[in-house]
Amino acid sequence: MEHQAKKKFGQNFLTDTNLLKKIVDSANIKDKNVLEIGPGLGALTQFLTVQSKKYLAYEIDLSLVDTLKKFESEKAQFIFKDFMEDDVTKTLLNYFQNEEVHLVGNLPYYITTPIIFEFLKYDHLKTATIMVQKEVGDRIISDRNLKTYNGFSAILQYYTKVSRVVNVNRKMFNPVPKVDSMVVKLEKIDRRLPKEQEILYEKIVKSAFMHKRKTMVNNLSETFNIPKIELQQFLNKLGFKETARAEELSVEDFILITKSFNY
Ligand SMILES: C[S@@+](CC[C@H](N)C(=O)[O-])C[C@H]1O[C@@H](n2cnc3c(N)ncnc32)[C@H](O)[C@@H]1O
């Protein structure tokens, strides 16, 4: 019986072989360990299970068990469970031990952000090649001074090198969703800042973007309870104008601020 796509699980399936190959090629997973989220009918799975060293997938939809079982082998396993409900770190450690793992997936959009944060959290996950909603993709890859640049861009680009693989028109999916998509690749960068500084970096970025129309000085002063005059002098010393706004600052600028931030 043909599978009826389930909206509640964000099911929009891909069929175009050229696009599928482009995603798999850009993921660059030959003989590497792969984690797929949402294999669906197996569009990407058919390539990933063959090319990878070892493969693991999470699929929430139990009606796909029979369809996906045919890809199962000694090196390819499926977990039929909500990705968000599992202790993913523990499962990955068990399955792949301490080896590097690469995330690939045409993700269900309703959990894109938690999946990205799960990817950032687990050190052994080194790259993520993922389909996201176009608007989210624009934020992920955004440079400063663009309307799309926000705290999410600056935090993600601290931890990863981001790139666009391809824009994907909504018509490429079945059923056709309401939005266009983009495949992005995230590759972890080790910036070698101590954990406390990374936490501070995130706090500074979130604060800086808190009220879009306010200056850095005003936003930081509110969050950290520092007199504005002090913050003005601090930013000037680092070479920034006191009128600077978050959207003008690069990831490197935020790193510089974090490293000197002694409040
Ligand atoms: C956009 S579809 C992609 C399907 C397939 N990879 C493709 O490209 O055609 C998203 C898939 O994620 C699955 N899914 C949705 N929520 C999930 C969750 N919380 N955990 C695991 N899988 C989930 C859906 O059932 C569906 O198969």
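Residues numbered from 1 in each chain as written. Predicted model: local features only at pLDDT ≥ 70, side-chain atom pairs only at ≥ 80, totals over all residues. Heavy atoms only, no water.

The protein chain carries the name Ribosomal RNA small subunit methyltransferase A in an unreviewed UniProt entry, which gives Acholeplasma hippikon as its organism.

A. Summary view of the domain arrangement of the protein chain. Domains assigned within the protein chain are domain 1 (7-188) and domain 2 (195-260). Counting residues at the interface gives 11 residues for domain 1, matched by 16 residues for domain 2. Roughly 1,200 Å² is buried in total at the junction of domain 1 and domain 2, and carbon and sulfur atoms are behind 59% of that figure. When the buried area of domain 1 at its contact with domain 2 is split by residue, Tyr149, Ile155 and Tyr158 rank highest and sum to 45% of it. Inspection of the region where domain 1 meets domain 2 yields one salt bridge. Between aspartate 253 and arginine 144 there is a salt bridge; the shortest N-O distance is 3.4 Å. Seen at the junction of domain 1 and domain 2, the total is seven residue pairs in polar contact (both at pLDDT 80 or more). For the side of domain 1 that touches domain 2, the per-class residue count stands at five nonpolar, four polar and two charged. (Domains from an automatic or database assignment. Contact = heavy atoms within 4.5 Å. Buried area = accessible area lost by both parts, 1.4 Å probe. Salt bridge = Lys/Arg side-chain N within 4 Å of Asp/Glu carboxyl O. Polar contact = N/O pair within 3.5 Å; in protein donor to acceptor, adjacent residues only side chain to side chain. Nonpolar A, V, L, I, M, F, W, Y, C, P; charged D, E, K, R; others polar.)

B. Expanded view of the pairing of strand S9 (residues 181-188). With respect to burial, S9 is a largely interior element, six of its eight residues being buried. Pairing geometry for strand S6 (residues 125-133) and S9, over seven bridges, is antiparallel. Bridge pairing links alanine 128 to leucine 186 in S9. Pairing geometry for strand S7 (residues 160-168) and S9, over eight bridges, is antiparallel. Each bridged residue has a counterpart across the sheet, and for asparagine 167 the counterpart in S9 is methionine 182. (Buried < 20%, exposed > 50% of the residue type's maximum accessible area, 1.4 Å probe, protein only. Helix = DSSP H or I, 4+ residues; strand = E, 2+ residues; numbered from the N terminus. Pairing = 2+ DSSP bridges.)

C. Region of interest: the packing of aromatic side chains. Counted under the stated rule, the structure contains 14 aromatic pairs. With a centroid separation of 6.3 Å and an interplanar angle of 25 degrees, the aromatic rings of phenylalanine 78 and phenylalanine 80 are classed as stacked. Chaining the aromatic ring pairs together yields one cluster made of Tyr149, Tyr158, Tyr159, Tyr201, Phe209 and Phe254. Positioned above the aromatic ring of tyrosine 95 is the side chain of lysine 54, whose terminal nitrogen or guanidinium carbon lies 4.3 Å from the ring centre. Its guanidinium or amino end placed over the ring of phenylalanine 119, lysine 188 lies 4.4 Å from that ring's centre, counting from NZ or CZ. (Phe/Tyr/Trp six-rings, centres within 6.5 Å; stacked < 30°, edge-to-face > 60°. Lys NZ or Arg CZ within 6 Å of the ring centre and 35° of its normal.)

D. The site of the ligand, seen in detail. Close to the ligand lie 23 residues, the nearest being Gly38, Glu59, Asp82, Asn106 and Tyr110. Between the ligand and leucine 14 there is a distance of 2.9 Å, counted from an oxygen atom to a backbone nitrogen or oxygen. A distance of 2.7 Å separates a nitrogen atom of the ligand from a polar atom in the side chain of tyrosine 110. For the ligand, whose free accessible area comes to 600 Å², the fraction covered by protein is 99%. For the shell around the ligand, a count of residues per class yields 12 nonpolar, six polar and five charged. (Near = heavy atom within 4 Å. Areas by Shrake-Rupley, 256 points an atom, 1.4 Å probe, with all protein chains shown as cover.)

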